Amino acid sequence: MRSLLIVTLLVSWIGGLEVNAQTCALESELYPPSPSSPQQDRGRFSRGVYKSRIRARWIDDHHFWYRNDLRGGAREFVLVDGEAGTRAAAFDQEALAAALRDAGVGSATAARLPIEDLEFDLEERSVDFSVDDRHFRWQLEAGELSALEERDDAGEQRGLAPRADIPRQSISRGGDTELTFINRLTRVVEIFWLDGQGQRRSYGRIEPGERHAQHTYAGHVWEVVAAGGRSLGVYRAEESAGEVILSSDMPEPRRSRRRPFEGRPAGGLSPDGRLTAITTDGNLYLRDAEGAEVTLTTDGTEDFGYQRVEWSPDSTRLVAFKIDRAETLEVHLIESSPEGGGRARLSSRPYPLPGDELTTYELHLFDAEGGKPIACDVDPIDFGRPRLRWAEDGRTFTYEKVDRGHQRFRLIEVDVTDGSSRNLIDERTDTFIWTAHAESAGVPLITWLEGGDELIYASERDGWRHLYLVDVEEGRIRNQITRGEWIVRGIDEIDEDRREIWFRASGRNEGQDPYLIHHYRIGLDGEGLVALTEGHGTHSIEYSPGRDYLIDSYSRVDQAPIHELRRVSDGSLIIELEQADTTELEARGWQAPEVFVAKGRDGETDIWGILCRPRDHDPEQSYAIIEDIYAGPQGSFVPKAFSSRDYYRSLTDLGFVVVKIDGMGTANRSKAFHDVCWKNLKDAGFEDRILWMKAAAEKDPSLDIDRVGIYGTSAGGQNAAGAVLFHPEFYKAAVANCGCHDNRMDKASWNEQWMGYPVGPWYGESSNIDNAHRLEGHLMLVVGELDRNVPPESTYRLVDALVRAGKDFDFLFVPGGGHGAGGAYGQRRLQDFFLEHLQGKAIPNRNASEGRGRR
C-alpha cells in the first residue's frame, strides 16, 4: 500500500527589519503572516503577478481544468487532456458571455465571466456552473445555455479536506501562498493559525456566507473552530493556493494511510487490565485488581527514581527508566517596564547551557509475572528523552540513542524475553552527526516500513545525505538506496507494494543551483531512479488522482513560475501549461534579485548568493554593500523560489546594494561543506563570503568592497558582530540583533550539536565576548530584555567586554522586546547607522523641534 510520510522542514523569515531571523532555538520561532483584510491579503499574494499558480480541478485521471486570473480582473478557463497532450480553452467564453447576458446576467463579458463552482461532464459535453444563486448548464459543442432549478452537486467543489494526520504545528516548506476559507454553514466560525509550538493564534471570524482569503506560507497549519470551541478541521497550506469549504456535508478528517500500531503499550494499567504499575517515592510497584502489591525496586529516590513506565503489548514485561534529574539551572529575565507600571518583574526558567549536567535515563526491564528484574546492559541516555517503538509481536522494542556531543548515533533493539540488546545502527563520526535541530534537513534519521521488518536510514556516512535500506532481522544495511554527489531533502511517499520511494533532492542537476529542489522516484533496492522534474528551478508537484500525471511548478528567485504537465512513468514533458506574467509587477519598478555564484576558499566549491540593487542603480556610481547574514549550521538561507516581494527595499532605496550568501559551514550541501562549522562557529563562512563579494565587484565595479556592512539576528547576530571582530579588514560596520555572542551562554542542544561536548577552549576562540578587544570597525548591538530564545545577558556581557576594552559602539536596549527586537524604531536606527558609517551621511537630530534640526 502507499503510505504518506509527513516530514518537517523548517525555514523561517521575518520581514519587518528585513532581518533573517532564523533562530538557534530548540523551539525554532516561526513568524506568522500579519492579520489583514481579505483585500489586503489578496494584494500581498498577487502583487502584479499573474498565472503564478495553477489550481487543477481534476475531472478524471486524464482531464483537468483551471482558471487563470489575469490583469484587469480578466479570467480565462483552460481544459487540459493529459492523454492527448492538449491544452485549450475550456469553452467559448465570448459565446457564453453573450448567452448569459441574454439570460439576464448583465455583467457578463468574455473577459470577466462571473461564473463559479464549475462541474464538467465530458461525456455529455457540458459544464454546470453558478452565478450568484442561479445555476446554469452550458452545452460545450452546441453552445446552448439552460437554467437549472438546482444542482445535484450543489455547485460544491470540495476544496481541501481536513486532515487528522497533520502535526498540529506550522512548519515552513516554501514560499507564500493563500488559503481561501468559504463559510457555507449557518453559523460563525473562527480561523486560527497554529504556530511553531502548536499554539492557536486567532485570525478572525467568518460570518455565514462569507469568504476570507488568507495569506500564509506553504507548510503553515490552520484550524477552523465553531462557536463553543469545537474543531471543524485542521488544514495545511501547500505551495498551490487552496480553498477550505465549510459546509454541512464536510468530509471527515482524512487520516494517515499508514496503519496505526494496535495495542501500543502505555504506563499505568497493563494492556490486559490485570496489573497497574505505580511509582512511589522513586520506586516501582505492581498492584493487582485486589489491591495486593509487589515491590519491584527499592533503590529509587526522589532525585534518582523510576518513572516513564511502559508495558509490553502482552503485559508480561515492564520497562521503566531510572531518571537522574539534573540540577535545575535557570536563566532570568527582568521586565523593566511592565504594562500598567509598578515594580519590575522577574521571570526565571530552566535553561541548560553547554557543559551543564543534563537529565539521564537508565533503562530497566522487569518480569511482571515474577516481579523480578531482567538484566539489560545498555548505556544510559544522556541527551534527549527515550521513545520506545515496540515490534508488533511485542518481543522487542527499539529506541534511538544520541550520545552527548552528537558524534555517535545508535538504533538499539532490546529483546524483552532475556534483556539482550543489539545495535541495528551504530554510526560514529569525527565531527558531528546532525541529530538535533535537524528540521531543515527534511528527512528523519529513521523511517520504519510497514510490519517493522525493514527501515530506511538517512545518513551522511558517504559524505552526502542519502537513504539506506536496513534489514531489521539481520541488523544490517541491506543496500544503499540513493547515491551520488547530491543530497536527499525529503521523503514524500513510500509505496511498499511496488517497493518504491518518492523523494525530494537537490544538487543532482548539473549546471543548476545545487540548492534547488527536484522530485524523484527510485526502487528500495537502489535501482530504477526516475527524475520527475527537470526545469532549472526549485519544484513543487501535484499528482493526478490516478498518479499517472503530475503538474510541475518551478521557479527561481530570478525566474517567475513555469508550470508543466509531465508523465509520472518516466518524468517526460507532455506540455507546458503556463508561464507566470510579471509585466505589471516590473512596470511598477520591481527588480528580481541577481543570482551570483563564485568559487569558495578552496578554489573549487561554488558559493551561491543573491544581490539586490537600488531601482535607480547607475553602473557609473559607487555603492556600499550590506550583507544580510545568518550562518546557523541548521539550514541554508538564501531564497530560491520566486517571490514578488521587494527584497531589502528599505535599504536599496537608500542607495545600498544588499547581498545574501550561503557560505561553508551551512547545510544542504556535502558533509565536508557542513563540517566547516565544527567547533568553529566564528568561521561563519566568512572566507567564502568575502571572496564572493570580491568576485561580484570584479564583475560589477560599482560595488565598493571598501565599504561593506553586515547585519543579522540570533546566530546571525553572532555572525554580524563576529564579522567586525575577526574580519575588520573587510567589514566596516555591523548591526547585531539579539546575538548568541558566546556559545557557552546559549542553549546546550543547539551549541553542543555544532561546537561539541565537553566544552573546550574552542568555545572561547569563537566567542565574541572573549574577542571583544579585536573590534576595529563600527558595531551596533540590539537586544530585547525579554528575549526567550537567546538569553539577553549574552549581549549584556559583550557590552561589558567592549566597555572594559575601551571600545566605542552603539547599544539599543528594547524594554519589553523579545527575540529580534526593535520594530520600526530599530529599522530606522539600523538605516541611520549604515548611512552614517558606510555613506558618511550626517544623521538629523530627530529630537530637535521642527525646523531646528541639525545635520
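Counting restarts for each chain, with residues numbered from 1 along the sequence as it is written. Restriction of local features to residues with pLDDT of at least 70 applies here, the model being predicted, together with a cutoff of 80 or more for giving and counting side-chain atom pairs; totals for whole chains, interfaces and linings are based on all residues. The basis for the side-chain values is all heavy atoms of the structure; hydrogens and waters are excluded.

Caption draft 1: The packing of aromatic side chains, seen in detail. Centres within 6.5 Å make a pair out of two Phe, Tyr or Trp rings, where for Trp the six-membered ring is used; the pair is then stacked when the planes are under 30 degrees apart, edge-to-face when over 60, and tilted otherwise. Under the definition given, this model contains 31 aromatic pairs. Ring centres of Phe432 and Trp754 lie 5.2 Å apart, and the angle between their planes is 85°; this geometry places the pair in the edge-to-face category. In this pair, Phe432 is assigned in the loop between β29 (421-428) and β30 (446-448) and Trp754 in helix α8 (residues 748-755), connecting sequence segments 322 residues apart. Taking the centre distance of 6.5 Å and the plane angle of 70° together, the rings of Phe656 and Phe834 count as edge-to-face. With Phe656 in the loop between α4 (649-652) and β45 (657-662) and Phe834 in helix α11 (residues 823-838), the pair connects residues that are 178 residues apart, well separated along the chain. Here the two residues Phe656 and Phe834 agree in accessibility, since each one is buried. Among the aromatic residues, those joined into a ring-pair cluster are Phe432, Trp434, Trp678, Trp750 and Trp754. Here a helix means four or more residues in a row that DSSP labels H or I, a strand means two or more in a row labelled E, and each is numbered from the N terminus. Each residue is placed in one exposure class: buried if its accessible area under a 1.4 Å probe, protein chains only, is under 20% of its type's maximum, exposed if it is over 50%, and partly exposed if it falls in between.

Caption draft 2: Summary view of the side chain of Asp513. Mapped onto the secondary structure, Asp513 falls in the loop between β35 (500-506) and β36 (517-523). A distance of 2.9 Å separates the side chain of Asp513 from the backbone nitrogen of Tyr515, its partner in a polar contact. A distance of 2.8 Å separates polar atoms of two side chains, one belonging to Asp513 and the other to Lys640. Setting aside its immediate chain neighbours within four residues, Asp513 contacts His536, Trp608 and Lys640. For the purposes of these results, a polar contact is taken to be a pair of N or O atoms within 3.5 Å, where, inside protein, one atom must be able to donate a hydrogen and its partner to accept one; residues adjacent in sequence count only when each atom of the pair is a side-chain atom. Should any heavy atoms of two residues lie within 4.5 Å, those residues are counted as being in contact.

Caption draft 3: The sheet that holds strand β6 (residues 116-121), seen in detail. A pair of strands counts as paired when DSSP detects no fewer than two bridges linking them. Reading across the sheet, the four strands line up as β6-β7-β8-β9 and stay open at both edges, with antiparallel pairing between neighbours. Every other strand in the sheet has two partners, leaving β6 and β9 (144-148) as the edge strands with one partner each. The mean angle between the axes of side-by-side strands here comes to 20°, regardless of whether they run parallel or antiparallel. Packing against the sheet, helix α2 (residues 93-102) makes contact with β7 (126-131), β8 (134-139) and β9, and its axis sits at approximately 140° to β8. Note on method: axes are straight lines fitted to C-alpha atoms, helices fitted across the in-contact stretch only, with angles between N-to-C directions ranging 0 to 180 degrees.

Caption draft 4: Main features of the sheet that holds strand β4 (residues 75-81). As summarised here, the arrangement of the four strands in space is β2-β3-β4-β5, forming an open sheet in which the pairing is antiparallel. Looking along the sheet, the strands with just one partner apiece sit at the ends: β2 (57-58) and β5 (86-89). Bridge analysis of β4 against β5 gives four bridges, and the strand direction is antiparallel. Considered in β5, the bridge of Val78 is made with Ala89.

Caption draft 5: Region of interest: the environment of Trp65. On the secondary structure map, Trp65 appears in strand β3 (residues 63-69). Residues Trp65 and Ala89, spaced 24 residues apart in sequence, show a C-alpha to C-alpha distance of 9.4 Å.

Caption draft 6: A look at the environment of Gly820. Here Gly820 is to be found in the loop between β49 (810-814) and α11. By relative accessible area, which is 19% here, Gly820 ends up buried. Sequence spacing of Gly820 and Asp787 is 33 residues, and the spatial spacing of their C-alpha atoms is 8.0 Å.

Caption draft 7: Geometry of helix α6 (residues 686-699). Counted at 1.5 Å a residue, the expected span for α6 with its 14 residues is 20 Å, and the 20 Å between its end C-alpha atoms agrees. By the burial criterion, the buried members of α6 are Phe686, Asp688, Arg689, Ile690, Trp692, Met693, Ala696 and Ala697. Expected span of a helix, by definition, is 1.5 Å for each gap between consecutive residues, and there is one gap fewer than residues.

Caption draft 8: Focus on the nonpolar core. Formed by 46 residues in total, the largest nonpolar core has its most connected members in Leu611, Val659, Trp692, Met693, Ile710, Tyr731 and Leu779. Contacts of Ile710, omitting those with residues within four sequence positions, involve Ile626, Glu627, Ile629, Phe686, Ala720, Ala723, Tyr731, Ala733, Ala734, Val735 and Phe834. Grouping buried Ala, Val, Leu, Ile, Met, Phe, Trp, Tyr and Cys residues that are joined through side-chain atoms within 4.5 Å yields what is termed a nonpolar core. In terms of nonpolar packing, the next biggest core, distinct from the first, is built from 24 residues, Ala624, Val658, Val782 and Leu830 among them.

Caption draft 9: Region of interest: the pairing of strand β40 (residues 559-567). Of all nine residues making up β40, seven are buried, and the element is well covered by its neighbours. In this sheet, β40 lies alongside strand β39 (residues 549-556) in antiparallel orientation, the contact comprising seven bridges. From the neighbouring strand, Tyr554 faces β40, where its bridge partner is Ile562. If you look at the hairpin formed by β39 and β40, you'll find two residues sitting between the two strands. In this structure, β40 lies alongside strand β41 (residues 573-579), joined through five bridges in antiparallel fashion. Pairing of Glu564 across the sheet is with Glu576, part of β41. With antiparallel pairing between neighbouring strands as the criterion, β40 and β41 make up a hairpin whose turn holds five residues, including Gly571 at a positive phi of roughly 75°.

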